[in-house]
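Here is what each chain is made of, one letter per residue.
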Amino acid sequence: MWAKKDNQLYRAFIFKDFREAFAFMTKVALVAEKMDHHPYWINIYNTVEIYLSTHDAGNVVTEKDQNMAKAIDQLL
């Protein structure tokens with residue numbers, strides 16, 4: 001579930017292994033390019049943490065972030 005954290009949407013995703021985590025990141029990257037909205041993320045082995053905020057709006061959560069979060073959720 002996405003949570004608001006420091007003016008960002010945040011969610012951690014845990015996968016079976018690095019390969020699954022990286023495959024997920026690849027899918028997210030394609031969605032991000034299509035939406036022209038790129039996340040800040042951290043990957044450590046099987047865990048991917050994603051933070052979403054809109055830089056052009058002063059680094060706050062906007063509808064663009066909500067839409068990106070929904071698109072990411074649909075990848076699971």
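Residues numbered from 1 in each chain as written. Predicted model: local features only at pLDDT ≥ 70, side-chain atom pairs only at ≥ 80, totals over all residues. Heavy atoms only, no water.

A. Structural view of the pattern of salt bridges. Inspection of the entire model under this criterion finds one salt bridge. Close ionic contact of Asp 73 with Arg 11 constitutes a salt bridge, the shortest N to O distance being 2.6 Å. Residue Asp 73 is located in helix α2 (residues 63–73), and its partner Arg 11 is located in strand β2 (residues 9–14); the two are separated by 62 residues in the primary sequence. (Salt bridge = Lys/Arg side-chain N within 4 Å of Asp/Glu carboxyl O. Helix = DSSP H or I, 4+ residues; strand = E, 2+ residues; numbered from the N terminus.)

B. Up close: the side chain of Glu 49. Assignment of secondary structure puts Glu 49 in strand β4 (residues 47–52). Buried within the structure, Glu 49 lacks any salt-bridge partner; its nearest side chain of opposite charge belongs to Lys 5, at an N-O separation of 5.4 Å. A polar contact is formed between the side chain of Glu 49 and the side chain of Tyr 10, at a distance of 2.5 Å. Other than its neighbours up to four places away in sequence, Glu 49 contacts Tyr 10, Arg 11, Ala 12, Tyr 40, Trp 41 and Ile 42. (Buried < 20%, exposed > 50% of the residue type's maximum accessible area, 1.4 Å probe, protein only. Lys, Arg positive; Asp, Glu negative; His and termini not counted. Polar contact = N/O pair within 3.5 Å; in protein donor to acceptor, adjacent residues only side chain to side chain. Contact = heavy atoms within 4.5 Å.)

C. Summary view of a nonpolar patch on the surface. On the surface, a cluster of nonpolar side chains totalling about 460 Å² of accessible area is made up of Phe 18, Phe 22, Ile 44 and Tyr 45. Secondary-structure assignment places Tyr 45 in the loop between β3 (40–44) and β4. Classification of Tyr 45 as exposed rests on a relative accessible area of 51%. (Patch = residues over 30% accessible without salt bridge, like charges linked within 9 Å, V, L, I, M, F, W, Y side chains within 5 Å. Areas by Shrake-Rupley, 256 points an atom, 1.4 Å probe, with all protein chains shown as cover.)

D. Structural context of the environment of Leu 75. With respect to the helices and strands, Leu 75 occurs in the segment after α2. Considered as a pair, Leu 75 and Val 31 are 44 residues apart in the sequence and their alpha carbons are 9.4 Å apart. Setting aside chain neighbours within four positions, we find Leu 75 in contact with Phe 24, Lys 27, Val 28 and Val 31.

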